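This is what each chain is made of:
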Amino acid sequence: MQILAGVHSGAILANYLVVAGGGGGGQGYYGGGGGAGGVRCTKDATGGGGSLESPLILAAGVAYTVVVGAGGAGSTSDVALASNGVASSFSTVSSVGGGGGHSRSTNTTGATGGSSGGLAWLGTVGSATANQGFTGGTTEYGSGGGGAGAVGGNASSSGTLGANGGAGISTSITGSSVAYGGGGAGGSNNTTRTGGTGGGGNGGDINNAVAPTAGTANTGGGGGGGGNNTNDAQGNGAAGGSGVVIIDAGILAASTTGSPSVSGTIYTFTASGSITF
């Protein structure tokens, strides 16, 4: 059940969206897509198919810390996982950074993330965090990273390789419906696989000399996986997108740090700071 923000019986109830940074994409021919940053939200939808989060009960005159996580770097080595995204938080609510995608010769278990990165060839995918996101694709040849709203796509071992990133979720906490937390796409041999809705980066494509793209800033989207066996823009994985924190307590804040944008009573943080009501 969605609870309206505002002052209730003397308590300040704040709705929020907390999105962590997305994981980077894996390196090499058919690199795995990066997992989306974890998404926790009180309005419309939240990550991992879970129930809506409960608004925070805040006190007047207290400065509440806001942390906005950076996206993880894409891998530049065919044996190394891409970097995880960095966690975001608002007061006691924290979202886990997205898991980095597998590189071509990464023979290990992927890192746990808000959503986890996709498989490239060897190893196994990491786990997603409950109520924040989904796992990356689990098959060889460039699977997509998990999104906040869906599992990453599974690549095929024949024909066109690579797979799309998992879809994110949409929320109208800003007043308009916007998607966040899309998984990055895996690298391919002859077509560009697309990142999940919500800022997921596209995968690289060896035959068409297409480089992977980064997750979109302030969406927590995962980075696209590399599409070539070279240590260059086409072969290296792309970075994940940074996270975002959006707060609506139904009243104006007394003060903020970190220069959030303000629309009515809605405060959007694209950098770390604090808010006091």
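Criteria and cut-off values
Residues numbered from 1 in each chain as written. Predicted model: local features only at pLDDT ≥ 70, side-chain atom pairs only at ≥ 80, totals over all residues. Heavy atoms only, no water. Helix = DSSP H or I, 4+ residues; strand = E, 2+ residues; numbered from the N terminus. Rg over C-alpha atoms; globule rule 2.2 N^0.38 Å. Buried < 20%, exposed > 50% of the residue type's maximum accessible area, 1.4 Å probe, protein only. Contact = heavy atoms within 4.5 Å. Areas by Shrake-Rupley, 256 points an atom, 1.4 Å probe, with all protein chains shown as cover. Lys, Arg positive; Asp, Glu negative; His and termini not counted. Charge placed at Lys NZ, Arg CZ, Asp CG, Glu CD. Pairing = 2+ DSSP bridges. Core = buried A, V, L, I, M, F, W, Y, C linked by side-chain atoms within 4.5 Å. Phe/Tyr/Trp six-rings, centres within 6.5 Å; stacked < 30°, edge-to-face > 60°. Axes fitted to C-alpha atoms, helices over the stretch in contact; angles between N-to-C directions.

Peer 1: What exactly am I supposed to notice about the overall build of the chain here?
Peer 2: Across its full length, the chain holds 0 helices and 14 strands. Element order for the chain, N to C, with α for helix and β for strand: β-β-β-β-β-β-β-β-β-β-β-β-β-β. On C-alpha atoms alone, the chain measures out to a radius of gyration of 18 Å, which is about the 19 Å that the 2.2 N^0.38 rule sets for 277 residues. Dimensions of the chain, computed from C-alpha atoms along their principal axes, come out at roughly 60 × 30 × 30 Å. Buried residues in the chain amount to 55% of all 277 residues. Sequence separation of at least 24 residues holds for 53% of the intrachain contacts in the chain that already meet a minimum separation of 6. If you sum the accessible surface of the chain, you get close to 9,300 Å²; carbon and sulfur atoms cover 51% of it. Separation of charge centres in the chain, based on 4 positive and 7 negative side chains, amounts to 4 Å.

Peer 1: Can you help me understand the pairing of strand β5 (residues 63-67) in this one?
Peer 2: Both faces of the sheet carry side chains from a regular strand, because those side chains alternate between them. Residues Y64 and V66 line the buried face of β5, whereas the alternating positions A63, T65 and V67 sit on a face that is not buried. Examined bridge by bridge, β5 and strand β6 (residues 88-90) share 2 bridges and lie antiparallel to one another. By the bridge assignment for β6, V67 is matched with S89.

Peer 1: Quick question: what am I supposed to make of the nonpolar core here?
Peer 2: Soluble, globular proteins show a tendency: their nonpolar side chains are buried together. Counting 19 residues, the largest nonpolar core has L58, F90, V245, I247, F269, I275 and F277 as its most contacted members. Within the residue set of this core, elements represented by two or more residues are β2 (11-19), β4 (56-58), β5, β10 (244-248) and β13 (266-269). Broken down by element, the residue count for this core peaks at 4 residues, all from β2. Setting aside chain neighbours within four positions, we find L58 in contact with A11, I12, A14, Y64, F90 and F277. By size, the runner-up hydrophobic cluster in this structure holds 11 residues, among which are V19, A148, I169 and I246.

Peer 1: Just checking my understanding: could you explain the packing of aromatic side chains for this structure?
Peer 2: The description of two aromatic rings rests on the distance between their centres and on the angle between their planes. Throughout the structure, instances matching the rule amount to 3 aromatic pairs. For the ring pair Y29 and Y30, a centre distance of 4.7 Å and an interplane angle of 40 degrees mean the geometry is tilted. Using a relative accessible area of 22% as the deciding quantity, one classes Y29 as partly exposed. Exposure remark for Y30: the relative accessible area of 4% places this residue in the buried category. Ring centres of Y30 and Y141 lie 5.1 Å apart, and the angle between their planes is 70 degrees; this geometry places the pair in the edge-to-face category. You can see Y30 sitting in the loop between β2 and β3 (39-41) and its partner Y141 sitting in the loop between β7 (93-95) and β8 (169-171), a full 111 residues away along the chain.

Peer 1: What's the story with the pairing of β13 in this structure? I'm lost.
Peer 2: Burial along β13 is two-sided: the face carrying I266 and T268 and the face carrying Y267 and F269 are both buried. Relative to β13, β10 is paired through 4 bridges, and the arrangement is antiparallel. Looking across to β13, one finds that I247 is bridged to Y267. Across 3 bridges, strand β12 (residues 261-263) lies against β13 in antiparallel orientation. From the neighbouring strand, S261 faces β13, where its bridge partner is T268. The antiparallel pairing of β12 with β13 creates a hairpin that spans 2 residues between the two strands, and G264 there sits at a positive phi of about 65 degrees.

Peer 1: Explanation requested: the sheet that holds β7 in the structure shown.
Peer 2: Paired through backbone hydrogen bonds, the strands of a sheet run either parallel or antiparallel to each other. Spatially, 5 strands are ordered β7-β6-β5-β14-β11 in an open sheet, and the strand pairing comes out antiparallel. Lying at the two open borders of the sheet, with one neighbouring strand each, are β7 and β11 (255-257). Averaged over neighbouring strand pairs, the angle between their axes works out to 15 degrees when direction is ignored.

Peer 1: Where do I start with the environment of A130 in this structure?
Peer 2: Note that A130 resides in the loop between β7 and β8. Among the residues examined, A130 registers a relative accessible area of 60% and is labelled exposed.

Peer 1: Honestly, the side chain of S89 in this entry has me stumped. Any pointers?
Peer 2: Inspection of the secondary structure puts S89 in strand β6. Leave out the neighbours within four places in its chain, and S89 touches V18, T65, V66, V67, S94 and V245.

Peer 1: Honestly, the environment of G184 in this entry has me stumped. Any pointers?
Peer 2: Locating G184 in the fold gives a position in the loop between β9 (178-180) and β10. Under the relative-accessibility criterion, G184 is labelled buried at 0%. Here the alpha-carbon distance between G184 and G146, two residues 38 residues apart in the chain, equals 7.6 Å. Residues contacting G184, with those up to four places away along its chain left out, are G33, G34, G144, G145, G165, G200, G201, G222, G223 and G224.

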